[in-house]
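Here are the chains, one letter per residue:
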Amino acid sequence: MADEEFDSNKTFLASVERSKQIEADIQVNPQKYRVLTGDRPTGNLHIGHYFGSLQNRVRLAKLGVPTMILIADYQVLTDHDAFDKISQNTKQLVIDYLAAGIEPGENVIIYPHSYIPECNQLMLPFMTLVSNAELSRNPTVKEEIASAGLTNVNAGMYTYPIHQACDILFCKGNVVPVGKDQLPHIELTRNIAKAFNRKFCKNREPVFPLPQALLSKTPSILGLDGSQKMSKSRGNAIFLCSTEDETASLIKKAKTDSERVITYDPENRPEVANLLMLISLCTKEEPADIAERIGEKGSGELKKVLSEALNEELRPLRQKRAELEKNPDYIRQVLLEGVEKARAIAIKTLDEVREAMNMKI
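Parameters at a glance
Residues numbered from 1 in each chain as written. Predicted model: local features only at pLDDT ≥ 70, side-chain atom pairs only at ≥ 80, totals over all residues. Heavy atoms only, no water. Helix = DSSP H or I, 4+ residues; strand = E, 2+ residues; numbered from the N terminus. Rg over C-alpha atoms; globule rule 2.2 N^0.38 Å. Buried < 20%, exposed > 50% of the residue type's maximum accessible area, 1.4 Å probe, protein only. Contact = heavy atoms within 4.5 Å. Areas by Shrake-Rupley, 256 points an atom, 1.4 Å probe, with all protein chains shown as cover. Lys, Arg positive; Asp, Glu negative; His and termini not counted. Charge placed at Lys NZ, Arg CZ, Asp CG, Glu CD. Patch = residues over 30% accessible without salt bridge, like charges linked within 9 Å, V, L, I, M, F, W, Y side chains within 5 Å. Salt bridge = Lys/Arg side-chain N within 4 Å of Asp/Glu carboxyl O. Pairing = 2+ DSSP bridges. Right-handed = clockwise from strand over helix to strand, strands pointing away. 1 Å grid on protein atoms, 1.4 Å probe; cavity = no way out; pocket = protein on both sides within 12 Å on 5 of 7 lines; lining within 4 Å. Points joined across faces, edges and corners; volume = space filled by probe spheres on them. Nonpolar A, V, L, I, M, F, W, Y, C, P; charged D, E, K, R; others polar. Phe/Tyr/Trp six-rings, centres within 6.5 Å; stacked < 30°, edge-to-face > 60°. Core = buried A, V, L, I, M, F, W, Y, C linked by side-chain atoms within 4.5 Å. Expected span 1.5 Å × (residues − 1).

A. Here's a closer look at the overall build of the chain. When helices and strands are tallied, the chain shows 15 helices and five strands. Here the C-alpha atoms of the chain give a radius of gyration of 21 Å, agreeing with the 21 Å that 2.2 N^0.38 yields for 361 residues. Its C-alpha atoms give the chain principal-axis dimensions of about 75 × 45 × 45 Å. Within the span of the chain, comprising 361 residues, buried residues form 50% of the whole. The contacts of the chain with a sequence gap of at least 6 include a subset with a gap of at least 24, amounting to 78%. Accessible area of the chain: about 17800 Å², with a carbon and sulfur share of 50%. Averaging the positions of the 46 positive and the 49 negative side-chain charges in the chain gives two centres separated by 3 Å.

Laid out in structure tokens, this is it:
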């Protein structure tokens, strides 16, 4: 495999065009695609996840797109010490998924990858297709190492992108909804798929598809500090499990600026623009129209409008969430059924991989 520098601008522009084409085709041929998406079980999901990914997963599933929703529990071990909470967090993720409207079934499978040994077994052949240099310069891994404040970086962190490739390719996922910052991982997965097919499938059908990124249309949501992306680890998030009073209290503390008149100016007033954008995501109004309506009433009114809009938007989710919390047996059933279905896919793929590598006995 060629050791080529990842050109983020070139890749992003190409990904934007491919995303548009995929979006158009999904409307007509949903069964042609298999989506792989998911989260690490590091805590409850927040409104950034809700607007940025959960709503899109519900949309794709309703269109009839086969969807694999991965709970990446092994990957928690790469930069977190909170392994004692992985099981609890896994179940909380499932509750958030179901409360948001994701419906597990024939086309929607929810599972933790630690229960899919055949998927993880792909790591060994895949590691032979990637150079150390490629792993060392992966910009997403660099950012994650810096974000976690790691000084002693374990091998799991460096091989994180290879494990993501296993997660995507074991089920032959050909669409991965991501933001711009995850494009290097998708590019590496494509390189691994190409290298495997080129090396082991010279006289046979390729085993793996080349996955495409489906770029999120939702703008990056800043945290309540107004300076960084909303994140559990940064303490600047509003969680889906928060009560309405907790939500209002958190929004009151959100950073704005000293100007009284509310205007929508993302470049010069990012904190105010972020709050207006959140209202817009709830009410479907244009942020500039919301700003004009609030006008001279100032940041206090802005925060009040956001609290009301967000609590209204999340009220059905939170009601369903409370019901699901009372039914842990059902949550476990969803996971076990998901594992059974995911393993059936993984066993078939691993069998094809062994055959391609001439390892069948």
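There is more to say after this.
B. Quick peek at a nonpolar patch on the surface. A contiguous nonpolar patch, built from Y74, L77 and F83 and spanning about 340 Å² of accessible area, is present on the exposed surface. Summarising the element assignment, L77 is placed in the loop between β2 (67–71) and α3 (86–99).

C. Spotlight on the pairing of strand β5 (residues 212–215). By the alternation rule, side chains of β5 split into Q212 and L214 and A213 and L215, which are all buried. In this sheet, β5 lies alongside strand β4 (residues 175–178) in parallel orientation, the contact comprising four bridges. Bridge assignment links V175 to a residue of β5, and that residue is Q212. Taken together, β4, helix α10 (residues 183–200) and β5 form a β-α-β motif whose crossover is right-handed.

D. Structural view of the environment of Y160. Positionally, Y160 belongs in helix α9 (residues 160–169). Looking at Y160, the relative accessible area reads 7%, which means it is buried. Sequence separation between Y160 and T78 is 82 residues; the distance between their C-alpha atoms is 7.8 Å. When neighbours within four sequence positions are excluded, Y160 is seen to be in contact with R40, Q75, T78, E144 and H185.

E. Quick look at empty space enclosed by the protein. Under the defined criterion, the tally for this structure stands at one cavity of 30 Å³ or more. One number sums up the size of the largest cavity: a volume of about 40 Å³. Taken together, T11, S15, R18, L183, I186, E187, R190, P211, Q212 and A213 form the lining of the largest cavity. Examining the composition of the lining of the largest cavity, we find that four residues originate from one element, α10, more than from any other. Counted by class, the lining of the largest cavity contains four nonpolar, three polar and three charged residues.

F. Seen up close, the packing of aromatic side chains. Tallying each qualifying case throughout the model produces six aromatic pairs. Ring geometry for Y111 and F170: centres 6.0 Å apart, planes at 75°, overall edge-to-face. Linking Y111 in strand β3 (residues 108–112) with F170 in the loop between α9 and β4, this pair joins segments that are 59 residues apart in sequence. Like F170, Y111 is buried.

G. Geometry of the nonpolar core. Core analysis: the largest hydrophobic core is formed by 49 residues, its most contacted members being I47, F51, Y97, I110 and L310. Elements represented by at least two residues in this core include exactly α2 (47–63), β2, α3, β3, α12 (270–283), α13 (287–294), α14 (298–325) and α15 (328–356). Excluding anything up to four places from it in sequence, Y97 contacts G38, D39, L45, L54, R57, I69, L70, I71, I102 and I110. Formed by 44 residues, the second largest nonpolar core is a distinct cluster that contains C119, L122, V178 and A195.

H. Here's a closer look at α3. Between the first and last C-alpha of α3 there are 20 Å, a value that for 14 residues agrees with the 20 Å anticipated at 1.5 Å per step. For α3, the tally of buried residues reaches 11 of 14 residues, placing the bulk of the element in the interior. Where α3 is concerned, the buried positions are I86, N89, T90, Q92, L93, V94, I95, D96, Y97, L98 and A99. Buried residues along α3 sit in contact with β1 (35–39), α2, β2, β3, α14 and α15.

The quantities given are spatial measurements derived from coordinates; they are silent on function.
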